[in-house]
Amino acid sequence: LHFECSRVQLFKVLVIGDLGVGKSSIVMRYVNKCFDERYKGTIGVDFALKSIEWDAKTVVRLQFWDIAGQERFKKMSRVYYKGTMGAIVVFDITNSCTLEAASEWKQDLDSKVCLDSGHLVPAVLLANKCDLTGRDGDVVSSLDSFCKDNSFLGWFETSAKDNINIEEAGAFLVKQMMLCD
Ligand code: GDP
């Protein structure tokens, strides 16, 4: 007889932010451990799964939802947000407009979905493309207060291209989701 004593935790995670900030590339890096410049988000990782052996008793399954091509609306339908248990909001560190947009995305999220407990969906902010030289030091130094004002649990400078902080950011979000669960 085989006794199954591990539990499987399934988490729906939304990846939101403006077009071109690197959402698809981040999911590709985190899930498939690769980066492809030629890869076009519109073709869509609209859906990706990653399993993690979290501890001896727990397998975490992350289900990523990429908004694939609907960015221009700066909002999504409630149906899409339903059941969301975590969010990754991405902006491009070389383009401060995309940081302002991150605030709008976060507001759209919080206005349309919350956890069963009534708490906000745990969300992490990613300042992507930190490999580029156009990285704005002023933007980076404003991120602590930006996160406080917009109720993000934390932020990371990331590069999907050079594989910087992607794994760390993912683990951080999973930890937060496990705490909420
Ligand atoms: P999305 O529209 O938010 O899904 O963005 P994509 O993942 O399609 O990326 C948009 C463009 O930015 C593509 O040309 C990617 O190759 C590029 N890109 C994504 N992440 C990075 C990164 O970390 N560094 C650099 N230099 N380029 C990136």
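Please refer to the structure placed before this passage.
Parameters at a glance
Residues numbered from 1 in each chain as written. Predicted model: local features only at pLDDT ≥ 70, side-chain atom pairs only at ≥ 80, totals over all residues. Heavy atoms only, no water. Near = heavy atom within 4 Å. Polar contact = N/O pair within 3.5 Å; in protein donor to acceptor, adjacent residues only side chain to side chain. Areas by Shrake-Rupley, 256 points an atom, 1.4 Å probe, with all protein chains shown as cover. Helix = DSSP H or I, 4+ residues; strand = E, 2+ residues; numbered from the N terminus. Core = buried A, V, L, I, M, F, W, Y, C linked by side-chain atoms within 4.5 Å. Buried < 20%, exposed > 50% of the residue type's maximum accessible area, 1.4 Å probe, protein only. Contact = heavy atoms within 4.5 Å.

Taken together, the neighbourhood of the ligand is formed by 19 residues, with G20, K23, S24, S25 and D131 sitting nearest. At a separation of 2.8 Å, an oxygen atom of the ligand approaches a polar backbone atom of G20. A distance of 2.8 Å separates an oxygen atom of the ligand from a polar atom in the side chain of K23. Look at the ligand: alone it shows 580 Å² of surface, and the protein chains cover 87% of it. No other element matches the three residues that helix α1 (residues 23–32) contributes to the shell around the ligand.

A separate point is the nonpolar core. Nonpolar side chains in soluble globular proteins tend to end up buried together. If you look at the biggest cluster of nonpolar residues, it comprises 27 residues, and the most contacted ones within it are F91, W105 and L125. Counting residues per element, this core draws most heavily on helix α3 (residues 96–112), at five residues. Setting aside its immediate chain neighbours within four residues, F91 contacts V21, T98, L99, A102, L125, L126, A127, N128, V139 and L143. Formed by 25 residues, the second largest nonpolar core is a distinct cluster that contains F11, V31, V124 and F156.

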